[in-house]
Each structure stands twice: as C-alpha cells, then as structure tokens.
Amino acid sequence: MLVQFNYPQISAIPKKLNQKWLNWWRVQSPSHQDRLALLAPLGAVTLFFVAIVVTIAYLRVEEIEREQESAQRELEYAQQQLRLKLLERQEQLMRIAREISNKEIGPEEFIKESQGLVTQYPEINAITWIDQNQRIKSSFSAPSVQLNQMHSVGKKLKQLETINTFNLAKDLKISVYSEPVYSNTKGQSIESILELHLPISMHSKFEGVVMADFSIDGLLRYTIPTDIRSHHAVAFLDGKGNILAGQSISSINRKNSLLPWSNKTFEFTIPVSPVGNSLNLRAQIYRTSQGLIANGMFWLVMALSGITIWLLIGTWRHTRRRLQAQQALIAETNFRRAMENSILTGMRAMDLNGKITYVNTAFCQMTGWTEAELVGLMPPFPYWPDEDKEILTSKLADELQGRTTSTGFQVRVKRKNATVFDARLYVSPLVDARSKHTGWMTSMTDITEPNRIREQLTASYKRFTKVLEALDASVSVAPLGSSELLFTNKLYRLWFGNLSEGHLQMVKQAGTSKTKSSNANDSVDDLAGFPVAGITETLTENAEIFIPELNKWLEVRSRYLNWVDGRLAQMVIATDITPRRLAEEQSALQAERAQSASRLITMGEMASSVAHELNQPLTAISNYCNGMVSRIQGKQISDEELLKTLEKTAHQAQRAGQIIQRIKSFVKRSEANRMASNITEMVTEALELANIELRRHMIKLNYTFAHDLPQVMVDPILIEQVLINLLKNAAESIDLANRPHHQRLVQLHVMPAEIKGQSAVLFKVTDSGKGLAPEVLNRLFEAFFSTKTEGMGIGLNLCRSIVESHQGRMQAENLYNRTEIIGCQFSFWLPAWTEHLSS
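Treat the numbers as computed from the prediction; the structure is a model and nothing was measured. (Residues numbered from 1 in each chain as written. Predicted model: local features only at pLDDT ≥ 70, side-chain atom pairs only at ≥ 80, totals over all residues. Heavy atoms only, no water.)

Asks: Please give an account of the nonpolar core that cites residues and values.
Replies: Formed by 47 residues in total, the largest nonpolar core has its most connected members in Phe 214, Phe 236 and Leu 281. The greatest single-element share of this core, amounting to ten residues, is contributed by helix H2 (residues 39-101). Among the nonpolar cores identified, the runner-up in size contains 44 residues, and Ala 730, Leu 772, Leu 780 and Leu 796 belong to it. (Core = buried A, V, L, I, M, F, W, Y, C linked by side-chain atoms within 4.5 Å. Buried < 20%, exposed > 50% of the residue type's maximum accessible area, 1.4 Å probe, protein only. Helix = DSSP H or I, 4+ residues; strand = E, 2+ residues; numbered from the N terminus.)

Asks: Explain the packing of helix H20 (residues 716-737) against helix H22 (residues 795-805) to me, and be specific about the residues and the numbers.
Replies: Across the interface, H20 lies against H22 with an axial gap of 10 Å and an inter-helix angle of 145°. In the packing of H20 onto H22, the handedness of the crossing is left-handed. Contacts between H20 and H22 involve Leu 718, Ile 719, Gln 721, Val 722, Asn 725, Leu 726 and Asn 729 from the first element and Gly 795, Leu 796, Leu 798, Cys 799, Ile 802 and Val 803 from the second. Taken together, the residues that form the contact of H20 with H22 break down as nine nonpolar, four polar and no charged. (Axes fitted to C-alpha atoms, helices over the stretch in contact; angles between N-to-C directions. Left-handed = near helix turned anticlockwise from the far one by under 90°. Contact = heavy atoms within 4.5 Å. Nonpolar A, V, L, I, M, F, W, Y, C, P; charged D, E, K, R; others polar.)

Asks: Mind laying out the sheet that holds strand S14 (residues 420-431), listing which residues take part and the relevant values?
Replies: Spatially, five strands are ordered S12-S11-S15-S14-S13 in an open sheet, and the strand pairing comes out antiparallel. The strands lining the two open edges of the sheet, one partner per strand, are strand S12 (356-359) and strand S13 (409-414). Across this sheet, the average inter-strand angle for adjacent strands is 35°, counted without regard to direction. Strand direction decides the pairing type here: strand S11 (residues 346-351) and strand S15 (residues 437-446), joined by six bridges, are antiparallel. Residue pairing for S15: Met 347 is matched across the bridge by Ser 443. Along the sheet, helix H12 (residues 448-470) makes contact with S13, S14 and S15, crossing S14 at roughly 125°. (Pairing = 2+ DSSP bridges.)

Asks: Give me the pattern of salt bridges: which residues, what numbers.
Replies: A full pass over the atoms with the stated rule returns 24 salt bridges. The partner of Arg 744 in a salt bridge is Asp 735, and the shortest N-O contact between them spans 3.0 Å. Judged by its relative accessible area of 10%, Arg 744 falls in the buried class. Assessed through its relative accessible area of 32%, Asp 735 is described here as partly exposed. The structure contains a network of salt bridges with shared partners spanning Glu 88, Arg 89 and Glu 123. (Salt bridge = Lys/Arg side-chain N within 4 Å of Asp/Glu carboxyl O.)

Laid out in structure tokens, this is it:
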C-alpha cells in the first residue's frame, strides 16, 4: 500500500498564530537600556537555536529516509504494474502464436488481430510473424512508426540483436526478451525498442516466432502510473546504465551547503521482470524542499517562529497520518490474511536452511498439523511418509539448491491421522525488498481426485478399445485429404492390413468422398480454416458395396468427426452383409416364383370360366363354317353374303386369340420391369380377364375412373395380378352370400388422392357379400391363412407384398348399414410418378 505524506507550507499557518509569534518576538527583542538583561535571554535563545538546528537536522534526515522509502515502494509498485502489463501483453501474443501453430489463422487474420492489439496498446509499435527461416511472413506496424522502421514482408532479419534473440527463442522454445535495440531515424532522435520473441511450435517442431516491438518510451508513458512520474524522475536504463527513456536529475554542486547530503540526488534502480537485467527501472527523487540552513542564520532567525509552529503542526499532522497509515496497513494485512485463508492451495515458506518459517491455513488443513506445530521445524517433516523419506530428502535438497522445474513435482503427503494423499508442489524463490534471496516459497495442491479421474479415464479407454477390437465390424478413421490412418480395429487390419487403401476404397465406392488428396504427407486437411460444426453434426451416411478382393458385400456407414488434434476426419464402419445379401437374393427369387405360382393358381381357378368364354367364339366359328358349307353345296349363297360370314368368323377367331393372349401374358414368368404406366390401360387389361370370372358368377361390374389420373411407376403385370385377385375374391364373396340378382354387384373406383403429404392413386374394390369376421380381419394378410376350404392362403399376403414393394399400402374393412354388414371393401394406394421423383 502506497502512503504519501504532504507537508504544509508556512503560508498555510493561520494568521492568528503568525500574529501571536510576531508579538512574542517583539516582546523578546532587546532594548538599548537593558543590554545586560539580554545575556540570559541570549543564552536561552542560543540554546533554543541549537535545539532548533538539531531538531531541524534530525527531522531533515528522517524526511530524506522517508522519501527514500516512499520512492522505493513506489518504484517497486511501478515495476509490478509494468511486469503485470508485460505479462498480459505476452499472454495475448502467446494466444496469437497458439492460433498460428493450430493453423487457425493465416497472414491476413494475423494482421487483423495484430491491428487490434497495436490499436489497443499504444506501447506496441509492431507485431511481426517470422518463419523458421528468419523470413518475415506477415507484419503490422502502428501508424506512428516511420517507414524505415517497418518490417517488410518477405525479407529476412538483418539486425544482429534480433537474430540472436530469435535463435535463443528457437533453442529454448520459450518467450525471450531482447536487449534494448536502438532504432535510428534520419533527422530525428534515436528510439529504443524492446523486442519480445514468442516461439511457434507445431507438433514439437519450431515453426518461427511472433515478434512484438515495444517502444521503451511508450512503456514509460503508458505503463508507469502518472502520479509516480509526477513525484519522481523515472527512466529506463540498459545493462550499462545508459538512459533509454525518461528523465534524469543532475547533481547540484552546492558549495555553501552545510549538510553533506544536500548536493546528493537519491535514486533507486531495479530490474524489470520478466525482461531481466538488460532493462532496469530507475527513479530519482525530486528535491522540492529548500535548504534552510544553507541560506544563513539571519534567515533562520527570521523564520524561527514560523519554523517552530510549522514543526509542531507538521509533527502533529505527521503523527495523525502515520496513525492512519498504520490503520490502513493493518486493514490491508488483515485483508491479505483473509485471502490467504480462503484459497485452497497450501503455502509453505522455508529459509535457506530448510526450516519452515510460514504455513497458511490451507496447508494446515491438508496435513492436519497446526501452524504452531509446523513453524520452526527442520527436515524430516512429520507429514513425510516413512517409506518416502529418502526420496523427499533428495527432492528437498534439490529444492534448496534451486534445481526445480516450473511444472512442479508430485509427492505423497501424510496427514496427522496417518492417511496419505497425492500432491503437486511448485517452488519459487523468496526475495526481500533488497533483492536478497531469503528462502523458498512452496505451493501445494491436492491432486488425489484428478489422479483418480485420470486412472478412471485410462481404464475407460482400455475398455473402449477392447470393445472396438471385439466388434464384428471394421472401424477405421482417416483425416480428409490424407492417406494417414488415425485408428483401425482388429477386423479392419484382418481385411486390409495397416494400409489406408481399404479405407479410401470403401469411401470411394460408397460415394461419400468429395475431397482429393493433394499431398499424402501434408498433415493439414483441405478444409482447414472452414467451419466444420455443421459437417460433424450431420447424420450417418449408409451404402452397400461389393469388395472383389474380399469377395464380400459390406454395409458402409460413414460420418465426419473432429479428431483430438482438431483435424476433420472421416470414420468408416463396415459390416459384412454377404449372408444377408444372399438371403435377400434367395428371398426375391422365392417371391418371384410365388407370384408366378399365384398367377397360375388364379388361372387354374378360373379355368372353367375361361373355357366357357372360349367356347362361345369357337361355337360361333363352327356354326358359321357349317352354315357356309351347307349353303355353298346348295348354291344358295352369294359372294357378298359369303364375305360377310367369313368376316364374322374371323372376328370370333380374333376374339378367342385375344383371350388366350391375355392369359398367356398374365401367367408368363418374366423379370421385374417397372415402368411409368398408364393406369387406365393397366386396369382395362385386368378387367378383361376378371370380367370372365364375374360373368360366370352372373355378377355385374361397375367401374369408374377419374379424369387426368397421374402415371405410376409400377410393374403392370403385378398390379393387374392384385386387381384380378381382389375382383375374383369379391365375386366369390358375393356368390358365397347367395345374394339376389339385383344385389350381385362389384364396384371398382380409381381416383387421385393426397396421402401422407404425397400425391397418390387410390384403388377401391367393393363387394356386396357378407363381409369379414373380426378374427379374420386381424389375420387377413397372414401367409397361409385362408377362409376357403381349398385355399392356400397366399393370395392376399402376396397382394399386400406387391403393393408395399411399390411403396404403397393395402387395407380391408367391412361396410355397414347401421349395424348390419352389407359388404366389404379392399383398398390400396400407389404413389404417383413424376419426373422429379424419377430424377
């Protein structure tokens, strides 16, 4: 805490006190009549003067010491502020270096971020990106920087100090400050620059540095508090003591000064952390007070009364302010103590001999020992486990010798109740106000829980790897644009070995590879720098491919993911589906055979109707032929009548041929042939065959077609089979119900519809039979379930399979007149075909 003391001037003394002391002086002045009476007062005044001089000298010495202490505290405070700001700038520059090493920014983004930092912090003159060959890759300079001071992109470093600092950062792989660099500007004064080199590492490989040019004059103006610069002459010095920036007070040679320290300028110098001894901060005290004794005894006598009052008042005010400073110091101490007690990190201080001089509350809570029990102890300490004492003794020796690392070290600590926990210790030196090393400060953190979590993660990783190795699917992960394999499981290695050709082949055949590899050794994918959040959140892509080398069908599922190093990768999971494909092919073959058998069965069931239908044209042909023979023999027919009779005979023969051709086309086994079909033509063909069965049962067929029906993408023969089966079942249901002649009716309605948000064509077949029982409705479409005594139970099951294979649906329901069942209705729909869907 910085406490400043302001002393009042003589002019600030109240007028009443000045008048009182002037009156006292007139009373004490000697007269011509009583010179002898002055001896005693003169002696008293002399003694008083001596006391005053001694008092002034003493107060002067104390004032100088107080000014020195105040200047030293303010200089340390300024150095701390400068250190914090340099570390803050260093952290912001390290963030840019990390973004460069992670390939998150390029030269243009680097200039934008550098511009923001240079604009925000005027002490930074320029920020430069230098590659591993000491060549400038990108740079941004403040507008105030002269043209000859700017770093040109593409040029190599020339200044020796900059090159040395670059090599030091490259070797140490840590942030390094250079010694002050002098930048010559023609026609202007020399400006001092401080360079900060931050290494850029990619996979432990040095890729260059980010260099920041700090103006030393800017650091003085923008980082040193204004009140400190107004009270002291603050300047930056190099390692040789030369002034880099700031002010300096020249010593004044006062020959007539009676005090030896009056011609001495007091100054304090400390190194700037984290720069080091190459840059020092110096503060000189402005001497504003007057040398009262040097002005002669006459001035002392004339100002004696004022000085006395000033000293009394000054002493009183000084005491009061000192008390306030003490109270503020106590409050600050209590505040810092409360902060120490509230943190969870244990703190332990030791002297150079290893004796404990301080422990905080957290340290006592961790170990279970009180502060009184720990302070003053020498090693071995009671919180050391017995089995680790040799190791801890060795580590303590290294600690006292300064052989520690910034990452700390892990130890085991024993509590007072004999339980043991894991801790990590960090050691730093203790330096007093005079920059003297007085001991070591150790911070201790309980890492038992992090270690437990780390062990659980390791075990979880092993279990996860075990599961992946045992999968019956091939798993492989590879970055986009590269032939490198990031992960493979056992089955992948069994199929393809450790090569990436198998992964790339599956991706290529699955049709999901959109990126071609330009350089197999390049570890950066082609999508680097682009947002990949949307890609990694997409659904898994599936494909079925055939690998000739393995003679296997594989189901390939792929998706994108962000790998642990930030690269965009593609994971491919391949499952052997060869048995399933063989089963599907066998099932399709069986289904095709079942469809052909069903058509043959339908024609077999309709054989009598077909025979009756063919008998009519054949009988007509026979009658026409017999009649013509008789009339020709009797020469009772003319050529015109003979021609008409032959035309009628040919018509009957054509009719019989059409019936046979339809039956042949219906029962002929052929490959599946889906095409854009006209519904009217397809339904008309089905009605020609179904009408034969309906006429045999003396059932009337009514059918209606809507106008402008869309086409459907179907196999016409299969859909005709569905319609014939439904119409045939409707006829049998009516015949089984023994309906009277006027109720023997089957209706077919074909109309467009909107089903599940898509255009479709709806088919409805309605009969006037007895309907279906509830238990029959529940099992109507089951395979081998039939209500007929001689039925096989495959007709309706096959019909539904055909409709569903065309992405349609079929259902059945009873028709009611109040509570009486008056018939049954079978309906199915097929999606309409458009050019958009076909493409």
